[in-house]
Amino acid sequence: MTNNQYPGRVKMNGIRLELFSEDDLREIDYATKDVLSTYGVQVSDEEGIKLFEDAGCEVNYETKMVKIPVKLVNWALEQAPKKFYLYGRDDDRTVIQMHKGDVHFTCFGTGIQMCDYLGDGKYNTRDSTEADLANCAKIVDWADNIDYFSLAVSARDWAGVGAEDVHEMITSIKNTSKHFHHIDPVAENVDFYFEMLKAYYGGDEKMARDRPIMSMLVCPTSPLELSHNAAQVIIKGARYGIPVNVLSMAMAGGSSPIFLAGTLVTHNAEILSGLVLAQLACPGAKVFYGSSTTTFDLIKGTAPVGSPELAVISASVAKLGQYYGLPVFVAGM
C-alpha cells in the first residue's frame with residue numbers, strides 16, 4: 001500500500017472530494033494558529049480557564065479570552081490518539097474510529113418533534129417522547145447500514161420533569177446494542193452517565209473507562225467560544241475516558257465569516273481549542289474532529305443543512321481533520 005492509499009480510499013467505501021493541496025492546508029493551519037495565539041477564544045468556564053492558564057496561555061479574566069500559543073496546540077495534537085474504539089454492547093457492533101480509516105455512518109439529530117401519519121395524506125406533528133426515542137434506537141439497531149446510534153430525537157416528556165438527557169442515555173443504550181453517541185450531554189450530569197457505564201459493567205470502573213459504550217458530542221458557540229457546558233463536557237469526558245466529538249456548527253454569514261475560507265479558519269480554531277482543553281484535562285483523551293458547519297440563509301434566517309455549501313464545507317473540514325491526524329465526523333451531503 002502506497003503512502004497515499006489509506007483504507008477509505010482503497011475500498012472506495014465513501015464519497016471523496018479533494019479540495020486542497022498540502023500548501024492550502026498549511027495556509028489554513030497558519031491562519032488558525034494565528035487566530036488562537038493573537039486573538040484567542042472565549043472560555044466561559046472557571047476550571048477551563050485555569051487549565052489553559054496553568055499551561056502557559058495568556059488569560060484575560062475580565063473578558064474570559066484565552067490566547068493559546070502555537071506550541072501548545074502542536075503539543076495537544078501530538079497527544080490526541082489517531083484511533084479509538086466506539087464500543088457496542090455486543091463486540092461485533094464495536095466500531096473503529098480512525099484517522100483515514102473506513103467510512104462509518106450514523107443517524108443525526110436531535111429532533112424535537114415527530115410526525116404521525118394518519119392516512120390519506122394526513123398527519124399530525126407533535127413533540128417527541130421517550131417512546132419515540134426507544135423506537136428510533138430499535139430501528140437503528142436493525143439497520144445494517146448505520147454503524148452506531150446518535151441521539152435522534154429528544155424525550156420531551158421528561159423536559160422540566162426530570163433529567164431529560166439522563167433518560168435519553170439510558171433509553172438509548174437499553175434499545176440498541178450499538179454504540180450510543182449522545183448529542184445533547186449536560187455537563188452537570190456527565191457524572192451520572194459514567195455511573196451508568198459503571199453499572200453496565202457491574203461496578204467495574206476500569207472497564208467503564210477502557211470500554212465506554214457511549215460517546216458525547218459538544219458544540220463550541222460560534223464564533224470562538226467554549227461555553228461552560230462545552231468546556232465541562234470536554235473536561236469530564238477526557239477524565240472519564242469517554243470519547244468527545246468537538247463539533248462546530250458555525251454558519252457562514254451568520255456566526256462566522258460569509259466567505260467559506262474565513263469560516264474554515266474560525267471552525268478550525270473552535271475545534272482545536274476544544275482539543276487542547278481535552279488534552280490538558282487528560283493527555284491522550286479521545287477526540288473527534290467534528291463538523292455540522294454550513295451557511296446561513298440571510299433571507300429565511302435558517303441554517304440549510306441540505307445546501308451544496310454544506311457538502312463543500314464538510315469535504316473541507318474532513319481534509320483538515322486528516323491533516324491533523326484526527327478521526328473525523330462530518331455532516332453528510
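Okay, so let's go over this structure. (Residues numbered from 1 in each chain as written. Predicted model: local features only at pLDDT ≥ 70, side-chain atom pairs only at ≥ 80, totals over all residues. Heavy atoms only, no water.)

## Considerations on the overall build of the protein
At step 1: Within the protein, the regular secondary structure consists of 11 helices and 16 strands.
At step 2: Taking all 333 residues of the protein together, the buried fraction comes to 50%.
At step 3: For the protein, the proportion of contacts with a sequence separation of at least 24, taken over those separated by at least 6, is 69%. (Helix = DSSP H or I, 4+ residues; strand = E, 2+ residues; numbered from the N terminus. Buried < 20%, exposed > 50% of the residue type's maximum accessible area, 1.4 Å probe, protein only. Contact = heavy atoms within 4.5 Å.)

## Description of the pairing of strand β7 (residues 122-127)
At step 1: In this sheet, β7 lies alongside strand β6 (residues 113-119) in antiparallel orientation, the contact comprising six bridges. In the strand pairing of β7, D116 is matched with N124. (Pairing = 2+ DSSP bridges.)

## Examining the nonpolar core
Generally speaking, nonpolar side chains in soluble globular proteins are found buried as a group.
At step 1: Among the nonpolar cores identified, the biggest contains 85 residues, and F52, I68 and F149 are the most heavily contacted of them.
At step 2: Of the residues forming this core, the biggest block, 11 residues, is contributed by helix α10 (residues 260-281).
At step 3: Those residues in contact with I68, other than ones at most four positions away along the chain, are L36, S37, V41, F52, C57, V73, S273 and V276. (Core = buried A, V, L, I, M, F, W, Y, C linked by side-chain atoms within 4.5 Å.)

## Notes on the sheet that holds strand β14 (residues 287-291)
At step 1: Overall, parallel pairing links the six strands, which are arranged β8-β9-β10-β12-β14-β16 in an open sheet. The sheet is open, and its two borders are formed by β8 (149-150) and β16 (328-330), each paired with just one other strand.
At step 2: For β14 and β16, the ladder comprises three bridges, and the chain directions are parallel. Note on β16: the bridge partner recorded for Y289 is V328.
At step 3: The strands that α10 touches are β12 (244-248) and β14; relative to β14, the one it contacts most, it runs at about 160 degrees. (Axes fitted to C-alpha atoms, helices over the stretch in contact; angles between N-to-C directions.)

## Points about the pattern of salt bridges
At step 1: Within this structure, the stated rule accounts for 15 salt bridges.
At step 2: Among the salt bridges present, the one from R93 reaches D141, with a minimum N-O distance of 3.2 Å. In this pair, R93 is assigned in the loop between β4 (83-86) and β5 (95-98) and D141 in helix α5 (residues 130-142), connecting sequence segments 48 residues apart.
At step 3: Judged by its relative accessible area of 22%, R93 falls in the partly exposed class.
At step 4: One salt bridge connects D210 with K206, and the closest N-O pair in it is separated by 2.5 Å. Taken together, the residues span about one helical turn, with D210 and K206 both in helix α8 (residues 205-210) at a distance of four residues.
At step 5: Salt bridges sharing partners connect three or more residues here, namely E195, K198, E205 and R209. (Salt bridge = Lys/Arg side-chain N within 4 Å of Asp/Glu carboxyl O.)

## Re the packing of aromatic side chains
At step 1: Inspection of the entire model under this criterion finds eight aromatic pairs.
At step 2: Judged by centre distance (5.2 Å) and plane angle (75 degrees), the rings of F84 and F288 are edge-to-face. Here F84, found in strand β4, pairs with F288, found in strand β14; they are 204 residues apart in sequence, far enough to count as distant. A single burial state applies to F84 and to F288, both of which are buried.
At step 3: Members of the aromatic cluster, each reached through a chain of ring pairs, are F84, F108, F288 and F329. (Phe/Tyr/Trp six-rings, centres within 6.5 Å; stacked < 30°, edge-to-face > 60°.)

## Details of the environment of K206
At step 1: The exposed category is assigned to K206, whose relative accessible area is 57%.
At step 2: For the pair K206 and E164, spaced 42 residues apart in sequence, the C-alpha to C-alpha distance is 27 Å.
At step 3: Polar contacts involving the side chain of K206 include one to the side chain of D210, which spans 2.5 Å. (Polar contact = N/O pair within 3.5 Å; in protein donor to acceptor, adjacent residues only side chain to side chain.)

## Examining unusual backbone geometry
At step 1: Residue G109 is joined to T110 through a cis peptide bond whose omega torsion reads 0 degrees.
At step 2: The residue T110 is located in the loop between β5 and β6 in this model.
At step 3: The residue after S222, namely P223, is reached through a cis peptide bond having omega 0 degrees.
At step 4: Unusually for a residue other than glycine, L224 sits at a positive phi of about 60 degrees.

## Focus: α5
At step 1: Along its 13 residues, α5 runs 19 Å from first to last C-alpha, staying within 8% of the 18 Å computed at 1.5 Å per residue.
At step 2: Looking only at α5, the buried set comprises D132, L133, A134, C136, A137 and V140.
At step 3: Tucked inside the fold, the buried residues of α5 contact β6, β7, β8 and α6 (164-175). (Expected span 1.5 Å × (residues − 1).)

## Side note on the sheet that holds strand β11 (residues 225-226)
At step 1: Across the sheet, which stays open at both edges, the four strands sit in the order β2-β3-β1-β11 with mixed pairing between neighbours. Looking at which strands have only one partner, the edges of the open sheet turn out to be β2 (58-60) and β11.
At step 2: Bridging between strand β1 (residues 41-43) and β11 involves two bridges; their strand directions are parallel. Its bridge partner lying in β11, Q42 is registered against E225.

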